[in-house]
Every structure is written in structure tokens, then in C-alpha cells.
Amino acid sequence: MGERCCAVLRVLVLQAAWALAGGQVRYSVPEEAKAGTVVGRLAQDLGLEAGEAEARRLRLVAQGRRASVEVSGASGALLVSSRLDREELCGKSAPCALRLEVLLERPLRVFHVQLEVTDINDNAPIFPAARKNLSIAEFNTLPGSRFPLESASDADIGTNAQFSYTLSPSEHFSVDLQKSNDGNIELELVLTKSLDRETIPVHRLVLTATDGGRPSLTGTMELVISVVDANDNAPQFNQSVYKVALPENATEGTLVTRVNATDADEGINSEVTYAVTNIIPPSGRDVISINAKTGEIRLTGALDFEEVSVFNFRIEARDQGTPSLSGHCKVVLEVLDVNDNTPEVWVTSLSVPVPEDASVGTVVALLSVSDRDSGVNGRVRCWVWPAAPFGLEATFAGSYSLVLREALDRERVSEYEVEVRAEDGGAPALGARRGLRVPVSDVNDNAPLFAQAVYTVLARENNAAGAELARLWARDPDEAGNGRVSYSVWEGAAGGVGAAAGSGWRAASSYVSVDAESGRVWALQPLDYEELQVLQFEVRAVDAGEPPLCGNATVQLFVLDENDNAPALLPPAGSAPEAGAVAAEAASSSSSSSLVVAKIRAVDADSGYNAWLRYELWEPRAKGPFRVGLYSGEVSTARPLDEADGARHTLLIVVRDHGEPARSATATLSVSLLEANEAALAAGSSLASSGSGSRSAVGVDVGGAAASAATNVWLVVAICAVSSLFLLALVLYGASRWAPRAAVLSGPGPTTLVCASEVGSWSYSQRHSRSLCVADGAAKSDLMVFSPNFPPPPPGAAPKDTQPEPSALLHTVSDTALLISLPLRRLVRLLLIVCRPLGSSCS
């Protein structure tokens, strides 16, 4: 055993070299090498650094059959993994070369390794039978006669299968080797001396076959030679070699050939029977049979060119004489190849899924294609279907790479069913198909996209906090995290009355929020139209890819007005908000109708119809001396005043908007009628209080004018005093001359000037109000002018000289109190009391 191991080690040859033409590594290893034996340092021969083989997953891919070798992941060496039996792997083929493929990842590369398994002398010669019986006639068999023997066989090859034969010592026999024309060695027993049955009837010899291995192995066969009496003519074949060619698809029972032998003897000595004595290779025993009487040879099994292409049969013709004599011939059966093997397609490596951003030329799979037929029948062409986006590239004989030819898009095609087709060159051609499923993995190459670039949302004010305002949705065709979208309010601002009057634009995040998963837009607080009319912001949709991609959409939120504000009454200028008062005078006998007594001012914070105000005289409901303008709010006389009218009138005026439901506020107006003597006494107090009365005479909204008039207070007091004395004189004179009762054009309270806007009481909002300038000072929001009741104009006088228009008074009134003296029987004192909205108590 030790000598055998030493022989194995001596025979072990390690080769590692790159073939200059093909770029492959070749190694050799003796068969029966122990597991773990190093065949070659594969990683080093491939030019890899230390540790790179394990990092790049250097591995071995066997094709079709077990290779019995493996690659060490740590060292990168090629090792024997299991028993190597050259005879099992390659039979009698020489050399025994195994083609291996070695894969290396990152990047993916394939190397071809040829491993030659060298033969060792591990098989002893074997004879077909342990015993061989021969019959040789005495005397008739001359010295030099030759008798064919069945040669020994050895599963080894080369010198290990080259035999030398020795025969046990005998003076009558020897063995000789003859080389036939086809190169086979034929063993023959040679008679060296005539036999004498009476001396030695049976010769027992031992034939020993010794192979050429080191150490050599032997096999033996016993020869039992019986000496019989003379049958001096052996059968003779008409030809020594019969050559036959049959296609491998020949059916069982097909006639191979017919051999014929004749014997010159007569009688029973000439009757010949046929038999097959030697078959090379031994598997041919199941292929043919011979008819012992006719010599017909027929097929009994299937032929396979890929297994055995040539059979050699030794045919024996034996007569029936005593002793029996025999003749021999050889039949050579050549098997012709037919296209009976379809190509085989093997997937040796498949790298899936393929990322959709993989570059053109990326190797997806490695394939091996083979055909067991030979010649044209074994020449295979391959292609891939469909032709796009993959293609085949030949890398080595019978090896192909499936590579990417076009760019991929997972959103368009997420998986490909690829079919590799192979077809040989036979007639008819045979083909094979191998299907591959190539999924495409997703990369984050699509940003979320909203259905609309701009969303318009309408929301009513006073909505509940947390109410859903809208639902946005962005589509991302990517999958998994790359297509999972989250939403957020990115930017925006709010505009409205409150924002414009306060700090300007405010962040939209104080009003709304967006659910990160569903895209629902929620209100964080109730919306107020009076504070906010339009809210514009952006919603950003961001996917969960790496890097993340985003898309934006603009949301325009319009707040719809609700009638949630009641009309608000404005106090007279210069007075407290709850106790403003307006005073004016009017004659009871000579006053004409439509004399403006006062004006009710109100605003509504709502807009549109909700802010359109109308004024109604609620009390008294019966026909009275006063009326209210429906939309102007002006309180005027409905007819001339007389003594029959009471001295004091209280008017209840309701201000309503046009909303649904309508909201309202009430104002109480107190009107007093003064006698002439009361008016005269009031004139004096009017002069004394004219300085303070001038503050409210310009109207309800002249609080700003009081500051500018303060600088001229003394001038105003002087002018008023002189004017009052002059007017008092005129009044006394006129009263004594024309009127039965004196009338004094004065009043105890200050006269108020109020201006109405150009559109009456219609006011869209506070910032839409108009301003009128009534003097050299500041502007007034509202101004009301009480037109005096002038006496009938003298004949020939122009009306404009005696009855000025209210517009003329607007341009001539100053920042001081306006006091007009007229011949009236009684003076009308008006007191305007502004009350709280409807439902509150009046002061």
C-alpha cells in the first residue's frame, strides 16, 4: 500500500498555465487522489489578490456530471472533494479532460479550467473467462499451428493497459502476439511440437497477462487443451474480415451481415456451426447475435454512436468432427451517426433580479450548450427570443452569456420571460428551448406626480377644527418604498382682512395640515372669512426611495362667507361708542317734506349679500312725520311739521342684512320739537358751547378732525360769537315783524354734520368705504347735512340764492359748528341714540 501511495505521489503532476489562445487554466491530477488534495492554486493562477477569492465568491460550476473537485473559499485553491475514478469518468477515452467553469463575481466573470485526470494502474488485467477449453487433434495438427485466444482487458489506458503474456512452461505450446491491420493486438496459442494423445491426453496451462504499470498487475486464465483424434480439415471462411456500416437508428432484428465457412471434410466433420467468441468492446454482447447454423448476424440491441462507434466481433466456425476443428474470421461493425440528439441548454449561472438602471452589456446569465451528435449534426447555433432587450454572446466553445442589449424600465415591463433557443445543423434539424424568468428590480427613478398642478378648494367659514377640506393624491409608479408617498405642507401664506391689517402674510401651517399617509387636508382651526379669504400653499409629496424624489402641487383654498356677523352701528363722531348724539333744528310750520333729520350708519363685517344693509322704521308703525331711507339710512320728514305733532318723538330703526338667516341691529332716535323762546335760550348756550359742539358737528366720524380744529378754537369762538349776535338780531327783528310768535334759530345742543356715502348704506366691507373731505382739515368717513328750511324766495331771486343744495353746503361747511338762522316758529332738536344690536336694551 505504501509503494502504491508513493507511486501516486510520483505520478501527481500539477500544471497551472494560461493557454495563450483560449485563456483557460489547465491542471492534471491522478485518479484516486485523496480528498483534500490540492490540484492547483486557482486564485493565484487567475491573478487574484489574497482574500479576493472569498470576497468575490470564487466558485466552481460543473457541467452535466459530478466534477469531484471544489474551490476552497478561503485559499482559492482547487481541491479534490471526492473519489476520482478516471474509468468511471471517461472510460477508455484518452486523455480524460474535464471542462470546468469558474465564476467570479463583482464583476461577474467566467474562466474555463481544464482538469486532466491521469491514469494510475489501479485495474488488473481480466480475461473474459477464467478457463478456456481447447481441443487439438493429434498428428493432423502440425507444429506452428495457431489457435486464437481471447485477449485480456484492462480498464486502464496507456502503458497501464499494455499487456505482456506468459505461458506456464510447456514443450508443446507457446503464446504469440500479432498486430492486426486495424492496430489491435491479437493473442494466439502456437503449437510448437506435435501432440500425442497417448502420451499426454490433456494439457493444463496457465496464461498470465501482465500490464505495463508500476507496479504491474496481472491476470490469469487456465487453458485446458484436450488432444483428440484427427479431423484434419478445419472450416475456412470465404473472407477473413467482414466490414459492415449501419446507422445508429437501425432497429432491432436488422441483418448486419452473413458469414460463411466451408469444410473440405465429409460427413459430420464438414457440418459447421457458428459462434461469437470475442467482442470488443464487451458491451457489444448485447448488440448482436449470430445464427449458429446460417451464420446470419442480426441486431439485438440499440446502437448509439455517442457511446460506441465501432464494434469488433471474432466469429468462430466449428465442424462436428472428432476432434472438432474451427476456423475464425473478424466482423467490424461501424456505427454511422444520425441526428438523434437534441441540443442541451444548461443555465450555469443566473443573476436576478436585474436592476432597471443596469447598464447595457450587463451579464444576466451564463449558459452552456452542447449536442452529443458529431459533425454537422453536433454543430449548434443559439439565439434568444424575444430579441430585445437581451442578447447572446459567445464566450467559449459551447458557452454563452445572456447580456443586456437595451435599457430597462420596470414601470413599463416588470418581468421578462426569455427563451434561449438552440438548433443543430442536422437534417431535419433538432432544437431545444430553455426558458428564463428575469425579474426587474425597482430603483427610485420616478418622482411622485399629482393629478393636477393646482387644486382649487372651497370651504365655508366657521368650519369645525379637524374638518376635512380636501384629499390629494400623488401617483408614484415605483414599487415598495420607492413608491410609498408621504405628504406635507411645504410652504404657503394666507391673505385676508386680518392678515392685511395685522402682520401681513401668515404661514399656511397655522391653518391647515396634511395627513402624511392619506394626503387628506385638515383644518387646524375654524376659518373666518373676515380674517382670511384666500389661502394658497403647496403640498409636497415625497417618496421613501434613496435618494428621495418629490413632487409639488399648489392648493388654493377659498373661504366662503357665511352670515355670521350682525350689522354694527357706528357712533357719532367725537362721542362715546354707546352714547353718541346728533342735534339739528327744523321749523314746524314752514318746513317742507323730505327734510333730512339724521342718518343711521352701520357696517357689516360680512361681504356680498350678507353685508348689504337695509333700514326699516320699526316704531312707530303708524303713519308719522318721519321716514327712513331703505338703503341710505337717512331719517327725513315725511311731511311738513306742525303744532299737532308732539313735542318729542322716539323712533326705533332696525338695520338688517340680506343673509340667510338675516341678522339685524336696532337704533333708537329721539326727536324733540322746541318752542321759539326755548330756541332763543338755546342760542345763548349754543354760543357758549359752540367750541365743544364743533367737535361733533362735522358728523359721526370726525374724531380725527377735532385734533386739527383745536388750533383754531379761539378764532372759531370769536366768529361764532359775532355771528350769533348778528343772527339773533335778525331773528328778533324778523319775528317781531312777520311772525305772530317769535322764533329763535338756535338750539341747546351742538349741530352735527353727517355725510352719507355715494352708495347709501351699502358697504362691501370696511376697507371699501369712501371718504369725503368737508374742510381744509382731515378727511371724514361719513357726513350728514341738515338742510335748513328757508322761507319762500323773494320774487325774481334765483332759487340757488335762497335754497342752497346740500352739495353746496358740503363744500362751504368748516370744521366749526354749522349754525343757520331761519324764521321758524319752533326749532326741532334731534337726539340720535345709537343702541346695541337687536335684542339688547337701549340707553
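Residues numbered from 1 in each chain as written. Predicted model: local features only at pLDDT ≥ 70, side-chain atom pairs only at ≥ 80, totals over all residues. Heavy atoms only, no water.

For this particular structure, what's the right way to read the overall build of the protein chain?
On a plain count of helices and strands, the protein chain comes out with eleven helices and 50 strands. Of all intrachain contacts in the protein chain linking residues separated by at least 6 positions in sequence, the fraction that spans at least 24 positions is 71%. As displayed, the protein chain offers around 41500 Å² of accessible surface, 53% of which is attributable to carbon and sulfur atoms. (Helix = DSSP H or I, 4+ residues; strand = E, 2+ residues; numbered from the N terminus. Contact = heavy atoms within 4.5 Å. Areas by Shrake-Rupley, 256 points an atom, 1.4 Å probe, with all protein chains shown as cover.)

For this particular structure, what's the right way to read the packing of aromatic side chains?
For any two aromatic rings, the description comes down to two numbers: the centre-to-centre distance and the angle of the planes. Inspection of the entire model under this criterion finds nine aromatic pairs. Relative to Phe 313, the ring of Phe 311 lies with its centre 5.9 Å away and its plane at 10°, an arrangement referred to as stacked. Phe 313 shares its class with Phe 311; the two are buried. Between Phe 450 and Tyr 455, the ring centres sit 6.3 Å apart and the planes meet at 75°, which makes this aromatic pair edge-to-face. Here the aromatic cluster, defined as three or more aromatic residues joined through ring pairs, consists of Phe 127, Phe 163 and Tyr 165. (Phe/Tyr/Trp six-rings, centres within 6.5 Å; stacked < 30°, edge-to-face > 60°. Buried < 20%, exposed > 50% of the residue type's maximum accessible area, 1.4 Å probe, protein only.)

Is there a simple way to think about the sheet that holds strand β11 (residues 173–179) in this case?
The three strands lie next to each other as β9-β12-β11, forming an open sheet whose pairing is antiparallel. The strands lining the two open edges of the sheet, one partner per strand, are β9 (146–149) and β11. Sheet twist, expressed as the mean angle between neighbouring strand axes with direction ignored, is 35°. Where β9 lies against strand β12 (residues 185–191), four bridges are found, and the strand directions are antiparallel. Of the residues in β12, the one forming a bridge with Pro 148 is Glu 188. (Pairing = 2+ DSSP bridges. Axes fitted to C-alpha atoms, helices over the stretch in contact; angles between N-to-C directions.)

Would you take a moment to explain the sheet that holds strand β13 (residues 202–211) for this structure?
Two strands in a sheet stick together by hydrogen bonds in their backbones, pointing the same way (parallel) or opposite ways (antiparallel). Reading across the sheet, the four strands line up as β8-β14-β13-β10 and stay open at both edges, with mixed pairing between neighbours. A strand with exactly one partner marks an edge of an open sheet, and here the two such strands are β8 (131–137) and β10 (163–167). For this sheet, the mean inter-axis angle between neighbouring strands, taken without regard to orientation, is 25°. Sheet topology places β10 next to β13; five bridges connect them, and they run antiparallel. Bridging from a neighbouring strand, Leu 167 pairs with Leu 207 of β13.

What is the right way to look at the pattern of salt bridges in this model?
Should the charged atoms of two oppositely charged side chains come close, the side chains can pair. Tallied over the entire structure, the rule returns 21 salt bridges. Across the salt bridge formed by Glu 188 and Arg 146, the nearest N and O atoms sit 3.0 Å from each other. Of this pair, Glu 188 sits in strand β12 while Arg 146 sits in strand β9, placing them 42 residues apart in sequence. Residue Arg 146 is classed as partly exposed on the basis of its relative accessible area of 39%. Salt bridges sharing partners connect three or more residues here, namely Arg 410, Glu 411, Asp 442 and Glu 479. (Salt bridge = Lys/Arg side-chain N within 4 Å of Asp/Glu carboxyl O.)

Teacher, can you tell me more about the environment of Thr 456 here?
Checked against the element boundaries, Thr 456 lands in strand β33 (residues 454–460). For the pair Thr 456 and Gln 536, spaced 80 residues apart in sequence, the C-alpha to C-alpha distance is 9.3 Å. Residue contacts for Thr 456: discarding those within four places in its chain leaves Gln 556 and Phe 558.

Just checking my understanding: could you explain the environment of Leu 223 for this structure?
Within the secondary structure, Leu 223 sits in strand β14 (residues 218–228). A sequence separation of 89 residues divides Leu 223 from Leu 134, and the C-alpha atoms of the two residues are 7.3 Å apart. Ignoring anything within four residues of it in the chain, the contact list for Leu 223 reads Lys 132, Leu 149, Leu 167, Leu 189, His 203, Arg 204, Leu 205 and Leu 207.

Can you walk me through unusual backbone geometry in this structure?
Comment: phi is negative for the bulk of residues other than glycine, and the bulk of peptide bonds are trans. The linkage connecting Arg 106 with the following residue, Pro 107, adopts the cis geometry, with an omega of -5°. With respect to the helices, strands and loops of the structure, Pro 107 is situated in the loop between β6 (97–104) and β7 (109–118). Cis geometry is found at the peptide bond from Trp 385 to Pro 386, where omega equals -5°. Within the secondary structure layout, Pro 386 lies in the loop between β27 (380–385) and β28 (390–396). The phi torsion at Arg 57 lies on the positive side, around 55°, for a residue other than glycine. Considering the arrangement of structural elements, one finds Arg 57 in the loop between α3 (52–55) and β3 (59–61). Take Arg 57: its relative accessible area is 47%, and that puts it in the partly exposed class. In the Ramachandran plot, Arg 106 falls in the positive-phi region, its phi being about 50° despite a non-glycine side chain. If you trace the backbone, Arg 106 turns up in the loop between β6 and β7.

Please clarify how a nonpolar patch on the surface should be interpreted in this entry.
A cluster of nonpolar residues, Val 347, Leu 350 and Val 352, forms a patch on the protein surface that exposes about 190 Å² of accessible area. Inspection of the secondary structure puts Leu 350 in strand β24 (residues 344–350). (Patch = residues over 30% accessible without salt bridge, like charges linked within 9 Å, V, L, I, M, F, W, Y side chains within 5 Å.)

Any chance you could explain the side chain of Arg 540 here in plain terms?
Mapping Arg 540 onto the fold places it in strand β40 (residues 534–543). Buried within the structure, Arg 540 lacks any salt-bridge partner; its nearest side chain of opposite charge belongs to Glu 538, at an N-O separation of 6.1 Å. Residues within four places of Arg 540 in sequence aside, it is in contact with Ser 486, Tyr 487, Ser 488, Trp 490, Cys 550, Gly 551 and Asn 552. (Lys, Arg positive; Asp, Glu negative; His and termini not counted.)

Sorry if this is basic, but what is going on with the environment of Leu 549 here?
Residue placement: Leu 549 occurs in the loop between β40 and β41 (550–560). Sequence separation between Leu 549 and Gly 483 is 66 residues; the distance between their C-alpha atoms is 9.8 Å. The contact partners of Leu 549, leaving out residues within four places of it in the chain, are Asn 444, Asp 445, Asn 446, Ala 447, Pro 448, Ala 541, Val 542 and Asp 543.

I tried to follow the confidence of the model for the protein chain on my own but got confused; where do I start?
When pLDDT is low, close inspection of the predicted coordinates is not appropriate. Within the protein chain, residue pLDDT values average 76, and 75% of them lie at 70 or more. With pLDDT under 50 throughout, residues 576–587 is counted as low confidence; its partners more than four residues away or in other chains account for 50 contacts. (pLDDT = per-residue confidence, 0-100.)

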